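If you want the building blocks of each chain, they are given just below.
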Amino acid sequence: MRRAPRGTRGAVRAATATLLTCALLTSCAGGGEGDGDETVTLDYYSLAWQKESVAANKKLVARWNKTHGKVKVRYVQGAWDTVHDQLLTSFEGGEAPDIIHDDASDLTDFAYGGYLADLRDYLPEESRAAIPQAGWDSVTMNGGRVYGVPFLQEPKVIIADKKLLERSGVRIPTAGHPWTWQEFERAAKKLTRDKDGNGKPERYGTVWPMKEPVKQSVNLSLSTGGRLFTRERTGDGTKNTVRFTGRDAAISELIHRQVNKDRTAPRSGLGMGGSDTLPGFFAGRYAMVPLNFSFRQQVQQQAPDGFEWTVLPLPRGQREGENAQGVVPQTLSVAQESAHKKAAADFVAYMTTPEHQAALAKGDWLLPTAKEALKDPEINRREDGWRTGARIARTLRPSPTLGVRGYAEWSDKVATPAFQRYYRADTDLDALRDALVDDGNLILDRYQR
């Protein structure tokens, strides 16, 4: 999911706080109501925050309003930092916007709480057919109900210093022939420089920004055949449980090994967000950085003159089928309380046509989910790593965290501190496993009674 980088979020939040309060608690009272001329006005709560992305959204809204005489859409600006609390307040107050921009990780609680409409009876068949089943799996839960349309997605890639990579002599991976994780480890060792051998390299082969370690650890586990969450059908429905076996733990062990044994990644990176790594990357302190796809925009805008960079696909496991990673797509949903669900769903279908997905993806430096949108020439150009992203789109799968009731509490109270302790080498793998599984299943069980 694309969120505003640190440093930008405060400005976005300050600029939109008054508007959010008014829009979600006051103006939405008019959302979905017929005006005197029987025109329906729907509120579209958008989380677009970049200039290009906001412009693309507003352009599409204006085009809709120009071509739809009886259903008008009012653009309401939201912010990623406050979306969950703002939406919860609006749902509980009976003043929810008709159309809701969010991401799939936020849908679970709202879906089970009865706040979101099941879109199966409202979406046209062409909307369903445009997006692969893997996308629909990310928004389908609670007995097969569909609670949103997944329209943007963001893989993780490796952004590398091109000159250092070429000088090292390592094989340059491609989307068709990515590195294995073992090759990635070897490349990181070749790219690390510790001239005086004191264990404090002048240049690290890589850096792991793990300020938010849980989703990364879970989503990357798919690339070694792991999942962390299993689903079992019972007489009372689907039951989620946590596991942490060898394949689930392989990437966590790799990160731990690079930081604490091989010294090919700095310990300081564990407390960083993605943006925090860029000054060191530009200064040659890190040769490669695993980052979300959208960070290419910051690299393109902030890289010093003469700095050459390239985008590499995420490494894969060695076994058959281990070329996957988990993603959490951005979604458009319809509020259950909307008085005009069909009209709202029609607008969602309009916003998520392949052509419009491509426009929105380019504005946000993300990937669309629709198969035809991924063929857009601009999304397949070589510059800035777009082609690499388009070619790895087929390897993207719904994050194992999606649809798991109790995931947020497990992540905050158990998994985040447990992973942080393990990556800092304050605990061992057995202690990490005990926390994730034993404490985690106690939490999940409470949500499934």
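Quick note: structure is the one above.
Presented here is an overview of the structure given in this document.

What counts, and where the lines are drawn
Residues numbered from 1 in each chain as written. Predicted model: local features only at pLDDT ≥ 70, side-chain atom pairs only at ≥ 80, totals over all residues. Heavy atoms only, no water. Salt bridge = Lys/Arg side-chain N within 4 Å of Asp/Glu carboxyl O. Helix = DSSP H or I, 4+ residues; strand = E, 2+ residues; numbered from the N terminus. Buried < 20%, exposed > 50% of the residue type's maximum accessible area, 1.4 Å probe, protein only. Axes fitted to C-alpha atoms, helices over the stretch in contact; angles between N-to-C directions. Parallel < 35°, antiparallel > 145°, perpendicular 65-115°, else oblique. Left-handed = near helix turned anticlockwise from the far one by under 90°. Contact = heavy atoms within 4.5 Å. Nonpolar A, V, L, I, M, F, W, Y, C, P; charged D, E, K, R; others polar. Patch = residues over 30% accessible without salt bridge, like charges linked within 9 Å, V, L, I, M, F, W, Y side chains within 5 Å. Areas by Shrake-Rupley, 256 points an atom, 1.4 Å probe, with all protein chains shown as cover. Lys, Arg positive; Asp, Glu negative; His and termini not counted. Charge placed at Lys NZ, Arg CZ, Asp CG, Glu CD. Pairing = 2+ DSSP bridges. Phe/Tyr/Trp six-rings, centres within 6.5 Å; stacked < 30°, edge-to-face > 60°. Expected span 1.5 Å × (residues − 1). Arc of directions from axis to C-beta.

Next up on the list: the pattern of salt bridges. Following the criterion strictly, the structure yields 16 salt bridges and no others. Notably, a salt bridge pairs Glu308 with Lys163, separated by 4.0 Å at the nearest N-O pair. Note that Glu308 is positioned in the loop between helix H12 (295-302) and strand E12 (309-312) and Lys163 in helix H7 (residues 162-168), a separation of 145 residues in sequence. We classify Lys163 as partly exposed; its relative accessible area is 34%. Linking Lys375 and Glu372 is a salt bridge whose minimum nitrogen-to-oxygen distance equals 3.0 Å.

Closest axis-to-axis distance for the helix H2 (residues 51-67)/helix H14 (residues 354-364) pair is 7 Å, and the angle between their directions is 155°. On the basis of their axis angle, the class for H2 and H14 is roughly antiparallel. In this structure, the crossing between H2 and H14 has a hand that is right-handed. Residue-level contacts link Glu52, Ser53, Ala56, Asn57, Leu60 and Arg63 of H2 to Glu355, His356, Ala359, Leu360, Gly363 and Asp364 of H14. Grouping the amino acids of the contact of H2 with H14 by side-chain chemistry returns four nonpolar, four polar and four charged.

A separate point is a negative patch on the surface. On the surface, Asp428, Asp434, Asp438 and Asp439 cluster together into a patch of negative charge. Structurally, Asp428 is set in the loop between helix H16 (407-423) and helix H17 (429-447).

So, about unusual backbone geometry. Positioned with a positive phi, Asn142 is a non-glycine residue whose angle comes to about 55°. Structurally, Asn142 is set in the loop between strand E4 (140-141) and strand E5 (145-146). At Leu228, a residue that is not glycine, the phi angle is positive and equals roughly 75°. Mapped onto the fold, Leu228 is located in the loop between helix H9 (213-220) and strand E9 (229-234).

Attention now moves to the sheet that holds strand E2 (residues 71-77). Pairing in this open sheet of six strands is mixed, and the strands run E2-E1-E3-E14-E6-E15 from one edge to the other. The sheet terminates laterally at E2 and strand E15 (367-368), the two strands that pair on one side only. Relative to E15, strand E6 (residues 149-153) runs antiparallel, the two sharing two bridges. Each residue of the ladder has a partner; that of Gln153, found in E15, is Leu367. Contacts from H2 reach strand E1 (40-46) and E2, with the element oriented near 160° to E2.

Here the focus is the pairing of strand E7 (residues 156-161). With six of its six residues buried, E7 lies for the most part within the structure. Of the two faces of E7, the one lined by Lys156, Ile158 and Ala160 and the one lined by Val157, Ile159 and Asp161 are each fully buried. Judged from the five bridges that link them, E7 and strand E11 (residues 286-292) form a sheet pairing that is antiparallel. Residue pairing across strands places Ile158 opposite Pro290, the latter belonging to E11. Across four bridges, the pairing between E7 and E12 is antiparallel. Opposite Ile159, over in E12, you have Val311 as the bridge partner.

Their axes nearest at 11 Å, the elements H2 and helix H13 (residues 341-351) cross at an angle of 125°. Classified by the interaxial angle, the pair formed by H2 and H13 is oblique. Crossing handedness for the pair H2 and H13: right-handed. Between H2 and H13, the residues in contact are Asn57, Leu60, Val61, Arg63 and Trp64 and Asp346, Phe347, Tyr350 and Met351, respectively.

Throughout the structure, instances matching the rule amount to 23 aromatic pairs. Between the aromatic rings of Tyr44 and Tyr75, the centroid separation amounts to 5.9 Å while the plane-to-plane angle is 85°, which identifies the pairing as edge-to-face. Highlighted residues: Tyr44 in strand E1 and Tyr75 in strand E2, separated in sequence by 31 residues. Each of the two residues, Tyr44 as well as Tyr75, counts as buried. With centroids separated by 6.3 Å and ring planes inclined at 80°, the aromatic side chains of Phe184 and Trp208 adopt a geometry described as edge-to-face. One end of the pair, Phe184, is in helix H8 (residues 181-191); the other, Trp208, is in the loop between strand E8 (204-206) and H9, with 24 residues separating them in the sequence. We note that Phe184, like Trp208, is buried. Taken together, the aromatic side chains of Tyr44, Trp64, Tyr75, Phe347 and Tyr350 make up a single cluster linked through ring pairs.

Across its 17 residues, H2 extends 25 Å between first and last C-alpha, which sits within 8% of the 24 Å expected from 1.5 Å per residue. Taken residue by residue, H2 has Ser53, Val54, Ala56, Asn57, Leu60, Val61 and Trp64 as its buried positions. Summarising the axial view, the buried residues of H2 lie within an arc of 165°, below the 170-degree limit, and thus occupy one face. For H2, the exposed residues set more than 90 degrees away from the buried face come down to Lys51, Lys59 and Lys66. Where the residues of H2 are buried, they touch E1, E2, H13 and H14.

Before going further, it helps to examine the sheet that holds E11. Hydrogen bonding along the main chain pairs the strands of a sheet, whether they run parallel or antiparallel. Reading across the sheet, the four strands line up as E8-E11-E7-E12 and stay open at both edges, with mixed pairing between neighbours. Edge positions in the sheet fall to E8 and E12, since each has one partner strand and no second. Within the sheet, the average angular offset between the axes of one strand and its neighbour, ignoring direction, is 25°.

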